[in-house]
Amino acid sequence: MNPPIILASGSAIRARILEGAGVPFRAVKPDVDEGAIKRANAGIDLEALAMRLAEAKALAADAPPEALVIGSDQILEFEGRAFDKPASMNEARARLLEMAGATHTLINAVAAARGGKIVFRHLDRPKLFVRALVENELDEYLDAAGPDILASVGAYQVESFGARLFEKIEGDYFAVLGLSLFPLLAFLRREGAIGF
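Source: prediction; values computed, not measured.

Colleague: Would you take a moment to explain the packing of helix 4 (residues 89-99) against helix 5 (residues 135-145) for this structure?
Modeller: Two packed helices can be described by the angle between their axes and the distance between those axes. At their nearest, the axes of helix 4 and helix 5 sit 11 Å apart, and the two run at 140° to each other. Comparing the axis directions of helix 4 and helix 5 gives the class oblique. When you trace helix 4 past helix 5, the crossing you get is right-handed. Contact residues: helix 4 offers Met89, Arg93, Leu96 and Leu97, while helix 5 offers Glu135, Leu138, Asp139, Tyr141 and Leu142. Across the contact of helix 4 with helix 5, the residue classes tally to six nonpolar, no polar and three charged.

This is the structure we're talking about:
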């Protein structure tokens, strides 16, 4: 019997990624205080922090011992600084103006747990090239995209209107969305959780 798969996330886009790939799963929002984890790990490098957050989510979800529990986290790194999700449309606007004409990285960590132990880790660092933007273009984008962009660390959704903000992206598209799919699928196949 295939082990059950649990997505430890309240993210609609992560759920859509797994649904689109035909992965059977149940989503459970984990009880994780991300702020406390970030404060407790102040000063560590951003890749390690992203992985600790992903692991905490995978370990926090209520799941039967045989289940594979997937946790994921994403940190935006721009000019050596880490960014959380913007708290307002004004903050989103300021962030996008600052990143216009420059590149940034999305650090995407994925971890899976079984029986309270981490059994899989993967880290991706796609690089995104924001095109030069003039303020009226940005305002038009913000009006069209609406407050849904506040759910994204970059204040954009490349799967919709946000695609217009970029010159190019280098790296895994699914990692940009928030879940490195191909390495995760390989892991699920190895574990007998999916057939192909």
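Colleague: Help me understand the pattern of salt bridges in this model?
Modeller: When the charged atoms of two side chains with opposite charge come close together, those side chains can pair. Tallied over the full model, the rule gives 14 salt bridges. Salt-bridge contacts for Arg81 lead to Glu98; the nearest nitrogen and oxygen are separated by 2.4 Å. On the criterion of sequence distance, the pair formed by Arg81 in strand 4 (residues 81-83) and Glu98 in helix 4 is long-range, its members being 17 residues apart. A relative accessible area of 35% means that Arg81 is categorised as partly exposed. The network of salt bridges with shared partners includes Glu34, Lys57 and Asp73.

What counts and how
- Residues numbered from 1 in each chain as written.
- Predicted model: local features only at pLDDT ≥ 70, side-chain atom pairs only at ≥ 80, totals over all residues.
- Heavy atoms only, no water.
- Axes fitted to C-alpha atoms, helices over the stretch in contact; angles between N-to-C directions.
- Helix = DSSP H or I, 4+ residues; strand = E, 2+ residues; numbered from the N terminus.
- Parallel < 35°, antiparallel > 145°, perpendicular 65-115°, else oblique.
- Left-handed = near helix turned anticlockwise from the far one by under 90°.
- Contact = heavy atoms within 4.5 Å.
- Nonpolar A, V, L, I, M, F, W, Y, C, P; charged D, E, K, R; others polar.
- Salt bridge = Lys/Arg side-chain N within 4 Å of Asp/Glu carboxyl O.
- Buried < 20%, exposed > 50% of the residue type's maximum accessible area, 1.4 Å probe, protein only.

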